[in-house]
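# What the coordinates show
Each chain is listed here by its residues.
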Amino acid sequence: MNKQTVHQLILGKLRIDLDIAERAAQTAYETATHEENIAENKYDTLGLEASYLAAGQARRVEEIRQSLVLCQNVTLRPYDPQRGIEVGALLGLEDEKGREQWLFLAPDAAGLKVDMVGQMITVITPRSPLGKSLLGKFEGDEVEILVAGARQQFAVTEVI
């Protein structure tokens, strides 16, 4: 597993998502401002609905743009067994049933998934319960979180 490659895959996926969101926002804006969508009476709401959609799309563009900037600026350091897990870490976890997963701890873009040679890697942030509990932990440590009232326990199997 190569942390720099995973980081580049994440940035690439964010760039693609940003491009798609920008095009969707532009389309929504054009629909909202098109002369055929000017309301003819108080029940004609197509233009108003399109403007709400355009505003939502514009917010989504800014969210993705912010995620991209934050992820571009993350410092990728090698794992330091003295410092433990920090933002920029690529790590493997195993749950109580022996299922393994790979995570990338990033400053933003939670939930984004990238595939590296058949291995799915999920982006999490320190704002999530799991991300918060992983900060400062070490290879071999166990972390426990509560999700919807259920306790989940994970072992840190590898940190890159």
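Check the entry above for the structure.
Notes on the structure follow. None of the values given here were measured: they were computed from a predicted structure.

This paragraph deals with the side chain of Asp95. Locating Asp95 in the fold gives a position in strand β1 (residues 90-95). Judged by its relative accessible area of 15%, Asp95 falls in the buried class. Those residues in contact with Asp95 that sit more than four places away from it in its chain are Gln153 and Phe154.

Leaving glycine aside, a negative phi is the common case for residues, and trans is the common case for peptide bonds. Positive phi values are uncommon outside glycine, yet Ala109 reaches one of about 75 degrees. One can find Ala109 in the loop between β2 (100-105) and β3 (113-116). Ala109 gets classed as buried once you look at its relative accessible area, which sits at 8%. The phi angle at Val117 is positive, at roughly 50 degrees, despite the residue not being glycine. Counting through the fold element by element, Val117 comes out in the loop between β3 and β4 (119-124).

Reading the values: the criteria
Residues numbered from 1 in each chain as written. Predicted model: local features only at pLDDT ≥ 70, side-chain atom pairs only at ≥ 80, totals over all residues. Heavy atoms only, no water. Helix = DSSP H or I, 4+ residues; strand = E, 2+ residues; numbered from the N terminus. Buried < 20%, exposed > 50% of the residue type's maximum accessible area, 1.4 Å probe, protein only. Contact = heavy atoms within 4.5 Å.

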